[in-house]
Amino acid sequence: MLIRGLSILLAGLVFSAAIAKTARAAAPAPLPPTIASAISAAYANQCALLKNTDIDGFSKTFTNRWIEHEPNGSSTTKAQAIGAIKQQIAMMGLTLTDCAATISGGSVSPDGNTVTVSVEQTAAGTVASQSGTSPIQIDATETDVWVKRGAAWLQSASTVLKNTIMLNGQVVQQTGSR
């Protein structure tokens, strides 16, 4: 479940109502600077919460109906994702030391309260191993949907387009288009 939990973890950064099933051939349009800044800050907040192992705080960056769609057609709810993350931190001793999200563009609803973004996410850290710890690296490409609730932006959905998880420099999971 480590792999699933880590992939869910990133989805929340991890961690998408107009959901794309495949990557777009053309680059997405740039977002207005104020919205791009707000969404980038929301991803940075998610990263900080994960690095501090504040999974309850991380959970609050998602709507209650958040859902993740995987390339194989499966879906994960917010409750399933948060449960898996907590379990993997406890079972595998996962520690994140670095994470980042780079938005490459997206779209904004006419009312300005829903944003769909194309995002590249990375996370690095360690997991417990027989020799102490082992490095883990996660890279994902996603389409995420964010909704504005008052002054806050909450992630409402995520579609994973590509996900690669490496342990000790070896690929242990790779899904989606390459």
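What you see is a predicted model, and the numbers here were worked out from it, not measured in a lab.

Rules used throughout
Residues numbered from 1 in each chain as written. Predicted model: local features only at pLDDT ≥ 70, side-chain atom pairs only at ≥ 80, totals over all residues. Heavy atoms only, no water. Phe/Tyr/Trp six-rings, centres within 6.5 Å; stacked < 30°, edge-to-face > 60°. Helix = DSSP H or I, 4+ residues; strand = E, 2+ residues; numbered from the N terminus. Buried < 20%, exposed > 50% of the residue type's maximum accessible area, 1.4 Å probe, protein only. Core = buried A, V, L, I, M, F, W, Y, C linked by side-chain atoms within 4.5 Å. Expected span 1.5 Å × (residues − 1). Arc of directions from axis to C-beta.

1. Topic: the packing of aromatic side chains
For step 1, the next point in the chain: This model, assessed by the stated rule, comprises three aromatic pairs.
For step 2, the next point in the chain: Between the aromatic rings of Tyr-43 and Trp-146, the centroid separation amounts to 5.0 Å while the plane-to-plane angle is 80°, which identifies the pairing as edge-to-face. Note that Tyr-43 is positioned in helix 2 (residues 33-51) and Trp-146 in strand 5 (residues 132-149), a separation of 103 residues in sequence. Residues Tyr-43 and Trp-146 agree in their burial class; the two are buried.
For step 3, the next point in the chain: The interplanar angle of 65° and the centroid separation of 5.1 Å between the aromatic rings of Phe-62 and Trp-66 together place this pair among those described as edge-to-face.
For step 4, the next point in the chain: Within the aromatic cluster, the residues linked to one another by ring pairs are Phe-58, Phe-62 and Trp-66.

2. A closer look at the nonpolar core
Nonpolar side chains in soluble globular proteins generally cluster together in the buried interior.
For step 1, the next point in the chain: Counting 19 residues, the largest nonpolar core has Ile-55, Phe-58, Ile-85 and Ile-136 as its most contacted members.
For step 2, the next point in the chain: Contributing elements (two or more residues each) for this core: helix 2, helix 3 (55-59), strand 1 (62-69), helix 4 (78-92), strand 3 (95-108), strand 4 (114-129) and strand 5.
For step 3, the next point in the chain: Of the residues forming this core, the biggest block, four residues, is contributed by helix 4.
For step 4, the next point in the chain: Residues Leu-31, Tyr-43, Val-117 and Val-119 belong to the second largest nonpolar core, which totals 10 residues.

3. A short note on unusual backbone geometry
For step 1, the next point in the chain: With a phi close to 55°, Thr-53 is a non-glycine residue in the positive phi region.
For step 2, the next point in the chain: With respect to the secondary-structure elements, Thr-53 resides in the loop between helix 2 and helix 3.
For step 3, the next point in the chain: Judged by its relative accessible area of 42%, Thr-53 falls in the partly exposed class.
For step 4, the next point in the chain: You will see that Asn-168, though not glycine, has its phi angle at about 55°, which is positive.

4. What to know about helix 4
For step 1, the next point in the chain: With 15 residues, helix 4 should reach 21 Å at 1.5 Å per residue; the first-to-last C-alpha distance of 21 Å fits that figure.
For step 2, the next point in the chain: Considered for burial, the residues of helix 4 that qualify are Lys-78, Ala-81, Ile-82, Ala-84, Ile-85, Gln-88 and Ile-89. Seen along its axis, helix 4 keeps its buried residues to an arc of 160°; they face one direction. More than 90 degrees from the buried face of helix 4, the exposed residues found are Ala-79, Ala-90 and Met-91.
For step 3, the next point in the chain: In the stretch just after helix 4, Gly-93 is the one whose phi turns positive, near 65°.

Keep in mind these numbers describe shape, not what the thing actually does.
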